[in-house]
Amino acid sequence: MTGTGGPRAAFRKASGPRAASRKASDPRAAFREASGPRARRLGLALIAAALLAGCATGTTEADPGAPDASSASTGSVATPDPSRTPDGRTPDGRTPDGTLLVADFGSDTVTFVDPGRDGSGEGGAPIASVKVGTAPYGLVVGEDGRAWVATAEGVAVVDTERRTRLALIPYATESGPVATGEYRGGGMGIALAPDGSRVYVGVNVPGEDGAVEVIDTATREVTGTAPVGMRPFDVDVSPDGREVYATDHDSFDVTAVDADTLKTRRMEVAPYGTEGGLGSWLKPHYAVVRPADGRLLLPFEGERLAVLDPRTGKVTIERMTANTHQHGAALAPDGTLLVVGTGPIGSDDEEPSLTVRAPDGTERVVPLEGPHEDVAVSADGRTAYVTGGFTRDGYWNGITVVDLDDEKSEPVRLTAGNRPLGIAVL
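Please read all numbers here as calculations on a predicted model, not as lab measurements.

The rules behind each value
Residues numbered from 1 in each chain as written. Predicted model: local features only at pLDDT ≥ 70, side-chain atom pairs only at ≥ 80, totals over all residues. Heavy atoms only, no water. Helix = DSSP H or I, 4+ residues; strand = E, 2+ residues; numbered from the N terminus. Contact = heavy atoms within 4.5 Å. Areas by Shrake-Rupley, 256 points an atom, 1.4 Å probe, with all protein chains shown as cover. Pairing = 2+ DSSP bridges. Axes fitted to C-alpha atoms, helices over the stretch in contact; angles between N-to-C directions. Phe/Tyr/Trp six-rings, centres within 6.5 Å; stacked < 30°, edge-to-face > 60°. Buried < 20%, exposed > 50% of the residue type's maximum accessible area, 1.4 Å probe, protein only. Lys NZ or Arg CZ within 6 Å of the ring centre and 35° of its normal. Core = buried A, V, L, I, M, F, W, Y, C linked by side-chain atoms within 4.5 Å. Salt bridge = Lys/Arg side-chain N within 4 Å of Asp/Glu carboxyl O. Polar contact = N/O pair within 3.5 Å; in protein donor to acceptor, adjacent residues only side chain to side chain. pLDDT = per-residue confidence, 0-100.

1. Brief notes about the overall build of the protein chain
No. 1: The helix and strand inventory of the protein chain stands at five helices and 29 strands.
No. 2: When contacts within the protein chain are restricted to residue pairs at least 6 apart in sequence, those whose partners lie at least 24 apart make up 53%.
No. 3: Summed over all atoms, the accessible surface of the protein chain reaches about 16500 Å², with 50% contributed by carbon and sulfur.

Here it is in structure tokens:
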């Protein structure tokens, strides 16, 4: 069921100045007020989820030594193919095309993953890991094969062909002590300029507005800083490279940054309103830029797709059908939008899923086992790779592989990484 019912309506009824203040200071109170009987039965499990989902207040720590949550799940888990070359390299010693790279938020590494036969996940396995820095979050890979990884300490530069870290670029923005956990300071979203000359990284400053830092990819130095909103979950760049967009989770907005002058504009994106403040679940998370018109697509709750025109700041709303809390998003080459559903936050929400939304707005919702966070798509647009780490209690150390062409095929679960979050296809 979609529309205005369920936890969103309950959330609005429980809002107002006093309720908003209570929710902002205590996410458990917001959860209780916005829940029905089924959600209350979930009890402590979903209270823990509120602290891990990127949608509540407080400080939580990701435990690098936590057991693999996938052991509690059912379904097929892909296993390594014993006939494969042990180190997963081509005859010239390089990483083969199509290899996956994931940011291990639960450790200080990125992991290279063989996606299996024809990229299907079947027979796939982790290949190798490289130390990059504390609690890596987002990553992006350039045409030169270098990966730029946003960690709590700085932006790591990784040679993906030789699997070595080349540099760690410290942030210019003071973001507090190096830490782990969802609310840690340091880099979050990250993106490359279309010409590869610059990297843009969103830096979280706990409890305050953040920043987008500009890194020259040739000199590997920070060359500029622009103020943005709170907790820049995601960073994107316009097709012409003239603007950078930070999706500011805790301030319900998107900041547009002029790539040349670093002047900024803040645009509210809050289709459910901003009541509840930091305690609200109903905030923007990830965005994609539609190449055809430069508009940003931001999914909310499997019910509403906010389409932001950055030239005017105007937001229009399109209907979605998954009815579940949503995070990561990606565009396939043909314009198909992929959106990760992390699971329910209230009594009438649906379970985790991957929404496959065609350019004409028609949707297919693929069920997933357990919460997931981010998604990448193969170069041919036929396969989606969804990371199983970081979002809620019940995360697992792996990737779910979804065949986008065959609607009858079952997703394949591929063990990989340590609470994998950001992902790219090499």
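2. Some remarks on the sheet that holds strand β21 (residues 325-331)
No. 1: Sheet architecture is open: four strands sit in the order β21-β22-β23-β24, paired in antiparallel fashion. Only two strands of the sheet have a single neighbouring strand rather than two, namely β21 and β24 (363-367). Adjacent strand axes in the sheet meet at a mean angle of 20°, parallel and antiparallel pairs treated alike.
No. 2: Direction of pairing for strand β23 (residues 353-357) relative to β24: antiparallel, over a ladder of five bridges.

3. Observations concerning the packing of aromatic side chains
No. 1: Tallied over the full model, the rule gives three aromatic pairs.
No. 2: Relative to Y137, the ring of F105 has its centre 6.1 Å away and its plane inclined at 80°; by these criteria the two rings are edge-to-face. Taken as a pair, F105 in the loop between β2 (100-104) and β3 (109-114) and Y137 in the loop between β4 (125-131) and β5 (139-141) lie far apart in primary sequence, 32 residues in all.
No. 3: Aromatic side chains Y137 and F233 sit 6.2 Å apart centroid to centroid with 80° between the ring planes, which places their arrangement in the edge-to-face category. Of this pair, Y137 sits in the loop between β4 and β5 while F233 sits in strand β13 (residues 232-237), and the two are 96 residues apart along the sequence.
No. 4: Residue classification places F233 among the buried residues on the basis of a relative accessible area of 1%.
No. 5: One aromatic cluster is present, built from ring pairs that chain together F105, Y137, F233 and Y286.
No. 6: Directly above the ring of W396 sits R413, whose terminal nitrogen or CZ lies 3.7 Å from the centroid.

4. Some details on the sheet that holds β3
No. 1: Strand order in the open sheet made by the four strands is β4-β3-β2-β29, with antiparallel pairing throughout. Of all the strands in the sheet, the pair left with one neighbour each is β4 and β29 (420-425). Between one strand and the next, the sheet's axes are offset by a mean angle of 25°, whatever the strand orientation.

5. Focus on the nonpolar core
No. 1: Counting 16 residues, the largest nonpolar core has Y245, V254, V269, L296, L298, F300 and L308 as the members making the most contacts within it.
No. 2: Residue assignment for this core shows that the elements contributing at least two residues are β15 (253-258), β18 (296-300) and β19 (304-309).
No. 3: Tallying contributions element by element places β18 first for this core, with three residues.
No. 4: Excluding anything up to four places from it in sequence, L296 contacts Y245, V254, A287, V288, V289, A306, V307, L308 and P310.

6. What about the environment of V356?
No. 1: Mapping V356 onto the fold places it in strand β23.
No. 2: With relative accessibility at 11%, the residue V356 sits in the buried group.
No. 3: Counting along the chain gives 19 residues from V356 to L337, while the straight-line C-alpha distance between them is 6.0 Å.

7. Some remarks on the pattern of salt bridges
No. 1: Across all of its chains, the model carries 16 salt bridges by this definition.
No. 2: Between R242 and D240 there is a salt bridge whose closest N-O contact spans 3.9 Å.
No. 3: Across the salt bridge formed by R357 and E363, the nearest N and O atoms sit 2.5 Å from each other.
No. 4: In this structure, a network of salt bridges that share partners links the residues R290, D293, R295, D309 and R311.

8. Things to note about the environment of L338
No. 1: Within the secondary structure, L338 sits in strand β22 (residues 337-343).
No. 2: Put simply, L338 and V386 are 48 residues apart on the chain and 9.8 Å apart in space, counted from C-alpha to C-alpha.
No. 3: Excluding anything up to four places from it in sequence, L338 contacts G328, A329, A330, L354, T355, V356, V375, V377, A384 and L404.

9. Examining the side chain of T151
No. 1: Structurally, T151 can be placed in the loop between β6 (146-150) and β7 (154-159).
No. 2: There is a polar contact of 3.0 Å between the side chain of T151 and the backbone nitrogen of E153.
No. 3: Those residues in contact with T151 that sit more than four places away from it in its chain are V132, G133, T134, A135, P136, A156, L168, Y171, R184, G186 and G187.

10. A word on the pairing of strand β11 (residues 211-216)
No. 1: Summarising burial for β11: five of the six residues are buried, a large majority.
No. 2: Where strand β10 (residues 198-204) meets β11, six bridges bridge the pair, whose relative direction is antiparallel. Note that in β11 the partner of G202 across the bridge is V212.
No. 3: Between β10 and β11, which follow one another and run antiparallel, lie six residues, and G207 among them has a positive phi close to 80°.
No. 4: The loop that links β11 with its antiparallel partner strand β12 (residues 221-227) comprises four residues; one of these, R220, has a positive phi angle of about 60°.

11. With respect to unusual backbone geometry
No. 1: The phi dihedral of D118 falls on the positive side, at around 55°, and the residue is not glycine.
No. 2: Structurally, D118 can be placed in the loop between β3 and β4.
No. 3: Backbone geometry at E301 places phi at a positive 60°, although glycine is not the residue there.
No. 4: When you line up the elements, E301 lands in the loop between β18 and β19.
No. 5: Among the residues examined, E301 registers a relative accessible area of 1% and is labelled buried.

12. Section: the confidence of the model for the protein chain
Interpretation of the predicted coordinates at a detailed level should be avoided for regions scoring low in pLDDT.
No. 1: The share of residues in the protein chain with pLDDT of 70 or more is 77%, and the mean pLDDT across the chain is 84.
No. 2: Under a pLDDT of 50 for its full length, residues 1-54 has, in the predicted model, 115 contacts with residues more than four places off or in other chains.
No. 3: Under a pLDDT of 50 for its full length, residues 56-86 has, in the predicted model, 67 contacts with residues more than four places off or in other chains.

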